[in-house]
Amino acid sequence: MQEISDFLLGNGLSITASNLMAAHSAFSGEDPALARKLLDRRKSGQPITQDWLDQNRTADGLQESVKKIVGALETSLESFSQTTRSAHAAAESYNSQIAQQVSSAPASADPASMVAALEAIASEMIARGNEFASEMQRSEAETQKLRKELEKARHDADVDHLTGLPNRRAFEGLLDRHFREARQEAENLCVAFCDIDHFKRVNDTHGHDTGDRVIRAIADSLARITNDNCHVARQGGEEFVMLFRGKTPQEAFDKLDAVRENFGARHFINRSTEEPMGQITFSGGIADVFAFANPRDALKAADEALYRAKEEGRNRIMLAG
């Protein structure tokens, strides 16, 4: 574990539970894809940043976890099915034995002997039935446990661990669904990109832990305006992506600009040094999805509007087109 901690610290990464798990998975062989990427990254001389680790760990490590759980679940279900088949075959065998015992008994047979033979078969049936019931209960309990683990793994695969927001992968699914529904219902649909201004300067001056705190603070501010028709996700690094359904571009602008203004009025303090950090702001770009050929083009337009906001001085929201 000390080796893993040294690896994280040596690359300027936080010693968080998530980072420890990711590095442990790579070093222990549980996540060979991540291990290969780490080695390639080091050989090329490129930095291993928090954002790089987040993006590569989530895609491969959790996907492997899901595969393992699915495999175990399939094995458990097969075991359950096998037990059911065995119980069914045993029941048919006992029914056959009882029928044979009754049909083959001579008319002069001693009733007590017949009863004793049937009791023996019944006792064996009860004993085997109890065994099957115990095996089926065990298989059912194991299957339920695996299903819960699978549900959690799938949930984790769609969540950004730092902010608790949906990640880029989850957002793409949300965008596809809302695009189909909004088009069918003839509703407005807008997308937006937001990016923290001068974030590299925050990291370089105050450290990555403080940078992570700033990312979480903006994530919380954006999340406060979310509902069933407004979603925010972490795109990666210091960038967020949003979806506004049922809002015109101007209405989406007003909501996002209010968050920007309120956030810019806050004053952050470096908790390690108690040094004031001054004003921290973000910029954004918004695009009307149905003004473009498809949602991907709208996302590109929102990104270009964000770039214009940066060029024109930052701490502002721009509408595409």
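Let me sum up the structure you'll find in this document. What you see is a predicted model; the values in this text were computed from it and never measured. (Residues numbered from 1 in each chain as written. Predicted model: local features only at pLDDT ≥ 70, side-chain atom pairs only at ≥ 80, totals over all residues. Heavy atoms only, no water.)

As a further point, take the nonpolar core. In this structure, L222, F240, M242, F244, L256, F282 and I286 are the most contacted members of the largest nonpolar core, which totals 31 residues. Residue contributions to this core peak at six residues, all from helix α8 (residues 208–223). Listed in part, the 17 residues of the second largest apolar core include V241, A301, A302 and L306. (Core = buried A, V, L, I, M, F, W, Y, C linked by side-chain atoms within 4.5 Å. Buried < 20%, exposed > 50% of the residue type's maximum accessible area, 1.4 Å probe, protein only. Helix = DSSP H or I, 4+ residues; strand = E, 2+ residues; numbered from the N terminus.)

Within this structure, the stated rule accounts for three aromatic pairs. Each ring, one from F179 and one from F290, has its centre 5.5 Å from the other, and the planes form 25°; the classification is stacked. With a gap of 111 residues between them, F179 in helix α6 (residues 168–185) and F290 in the loop between β6 (282–288) and α10 (295–311) connect regions that are remote in the sequence. Residue class for F179 comes out buried when judged on its relative accessible area of 15%. (Phe/Tyr/Trp six-rings, centres within 6.5 Å; stacked < 30°, edge-to-face > 60°.)

Across the interface, α6 lies against α10 with an axial gap of 11 Å and an inter-helix angle of 120°. Compared by their axis directions, α6 and α10 come out oblique. Pair α6 / α10 crosses with right-handed handedness. Along the contact surface, α6 presents F171, L175, D176 and F179, while α10 presents P295, R296 and L299. Broken down by class, the residue content of the contact of α6 with α10 amounts to five nonpolar, no polar and two charged. (Axes fitted to C-alpha atoms, helices over the stretch in contact; angles between N-to-C directions. Parallel < 35°, antiparallel > 145°, perpendicular 65-115°, else oblique. Left-handed = near helix turned anticlockwise from the far one by under 90°. Contact = heavy atoms within 4.5 Å. Nonpolar A, V, L, I, M, F, W, Y, C, P; charged D, E, K, R; others polar.)

Tracing the sequence through the fold places H206 in helix α7 (residues 199–206). There is a polar contact of 3.2 Å between the side chain of H206 and the side chain of N270. Here H206 is in contact with N270, E275, P276 and M277, once residues within four sequence places are set aside. (Polar contact = N/O pair within 3.5 Å; in protein donor to acceptor, adjacent residues only side chain to side chain.)

Let us look at the environment of F292. Counting through the fold element by element, F292 comes out in the loop between β6 and α10. Judged by relative accessible area, F292 falls into the partly exposed class, the value being 31%. Apart from the residues within four sequence positions on either side, F292 is in contact with A287, D297, A298 and A301.

For the pair α8 and helix α9 (residues 249–264), interaxial distance at closest approach is 10 Å and the crossing angle is 140°. The angle between α8 and α9 falls in the class oblique. Here α8 and α9 pass one another in a crossing that is right-handed. Side by side, α8 and α9 meet where A217, I218, S221 and L222 of the first sit next to L256, V259 and F263 of the second. Class assignment of the residues belonging to the contact of α8 with α9 gives a composition of six nonpolar, one polar and no charged.

Moving on: the pairing of β6. With respect to burial, β6 is a largely interior element, six of its seven residues being buried. Note: strand β1 (residues 189–196) against β6, seven bridges, orientation antiparallel. The partner of F193 across the bridge, within β6, is G285. Read as a crossover between parallel neighbours, the route from β6 over α10 to strand β7 (residues 317–319) is left-handed. (Pairing = 2+ DSSP bridges. Right-handed = clockwise from strand over helix to strand, strands pointing away.)

Compared with an ideal rise of 1.5 Å per residue, which puts 17 residues at 24 Å, α10 spans 24 Å between its outermost C-alpha atoms and is within 8% of the ideal. Within the span of α10, buried status applies to P295, A298, L299, A301, A302, A305, L306, A309 and K310. Where the residues of α10 are buried, they touch α6, β1, β3 (239–245), β6 and β7. Backbone nitrogen of R296 and a side-chain oxygen of the N-cap are separated by 3.0 Å at the start of α10; the cap is N294. In the segment just after α10, G313 is the residue with positive phi, at about 120°. (Expected span 1.5 Å × (residues − 1).)

Time to look at the side chain of E239. Along the chain, E239 falls in strand β3. Here E239 is buried and forms no salt bridge, its nearest opposite-charge partner R168 lying at an N-O distance of 7.4 Å. When residues no more than four places from it in sequence are discounted, the contact partners of E239 are F193, C194, D195, R234, D303 and L306. (Lys, Arg positive; Asp, Glu negative; His and termini not counted. Salt bridge = Lys/Arg side-chain N within 4 Å of Asp/Glu carboxyl O.)

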